[in-house]
Amino acid sequence: PLAPIRMASELLKRTRQEYHQRIAQVLVERFPESAETQPELLAHHFTEAGLWVTAVEYWQRAGLRGIQRSAYVEAISHFTKGLELLNTLPETAERIRQELSVQTNLGPALMATKGFGAPEVQHAYARARELCRQVGETAQLFPVLRGLSTFYIVRAEIQTAHELAKELLVLAQRAGDPAMLV
């Protein structure tokens, strides 16, 4: 007796996913300004459609838009939704790059809302540093190390902050960009 109920439930779920996918496609194709002004709306529809890779991109955009508007709590919520989806995807190089980007953008929003020395800040930047190691040195390593260094300075963990500052100096010298030293 439960099999027909499960089948009906699965059919309803698929139909609902198809509707969300169509809505998202229409918004992207016919209302491209929606992607700019309301990326969280598209993120929601792509999430509900089960198109998680695309959904993560829009959650990231929504988080960045939140940061631009100084809506840090909102930005954290969007980044967190993106991370939740990423954690369900297979660990590929692209997925790691996406998570690195989300974690790196999450750090400043957490600093703005929870404080520079909050454990969540350390967690976001430590995870981002780990991801940098997995994909090799990237341009994101510098802001990640700077965020971690700031965390440890605020926590008065001077030795750790000093070690990170030395890594930052080596990166800046290797890049040959004096602006990085500022």
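Residues numbered from 1 in each chain as written. Predicted model: local features only at pLDDT ≥ 70, side-chain atom pairs only at ≥ 80, totals over all residues. Heavy atoms only, no water.

## Remarks on the confidence of the model for the chain
Close inspection of predicted coordinates is inappropriate in any region flagged by low pLDDT. In this model, the chain carries a mean pLDDT of 92, and residues with pLDDT of at least 70 account for 92%. Element-level mean pLDDT values for the chain span from 83 in helix α1 (residues 2–30) up to 98 in helix α5 (residues 72–86). (pLDDT = per-residue confidence, 0-100. Helix = DSSP H or I, 4+ residues; strand = E, 2+ residues; numbered from the N terminus.)

## Observations concerning the pattern of salt bridges
A full pass over the atoms with the stated rule returns nine salt bridges. Residue R95 is joined to E99 by a salt bridge in which the shortest nitrogen-to-oxygen separation is 3.0 Å. Placement of the pair is R95 and E99 together in helix α6 (residues 93–114), with a separation of four residues, close to one helical turn. R95 gets classed as buried once you look at its relative accessible area, which sits at 6%. With a closest N to O distance of 3.4 Å, K166 and E163 form a salt bridge. With K166 and E163 both in helix α9 (residues 158–175) and three residues apart, the pair spans about one turn of that helix. Because the salt bridges share partners, they merge into one network encompassing R95, E99, R127 and E130. (Salt bridge = Lys/Arg side-chain N within 4 Å of Asp/Glu carboxyl O. Buried < 20%, exposed > 50% of the residue type's maximum accessible area, 1.4 Å probe, protein only.)

## Things to note about unusual backbone geometry
Positive phi values are uncommon outside glycine, yet S70 reaches one of about 60°. For S70, the location among the structural elements is in the loop between α4 (52–68) and α5. Residue S70 is classed as partly exposed on the basis of its relative accessible area, which comes to 48%. The backbone phi angle of A156 is positive, close to 60°, even though this residue is not glycine. Tracing the sequence through the fold places A156 in the loop between α8 (141–154) and α9. Exposure remark for A156: the relative accessible area of 57% places this residue in the exposed category.

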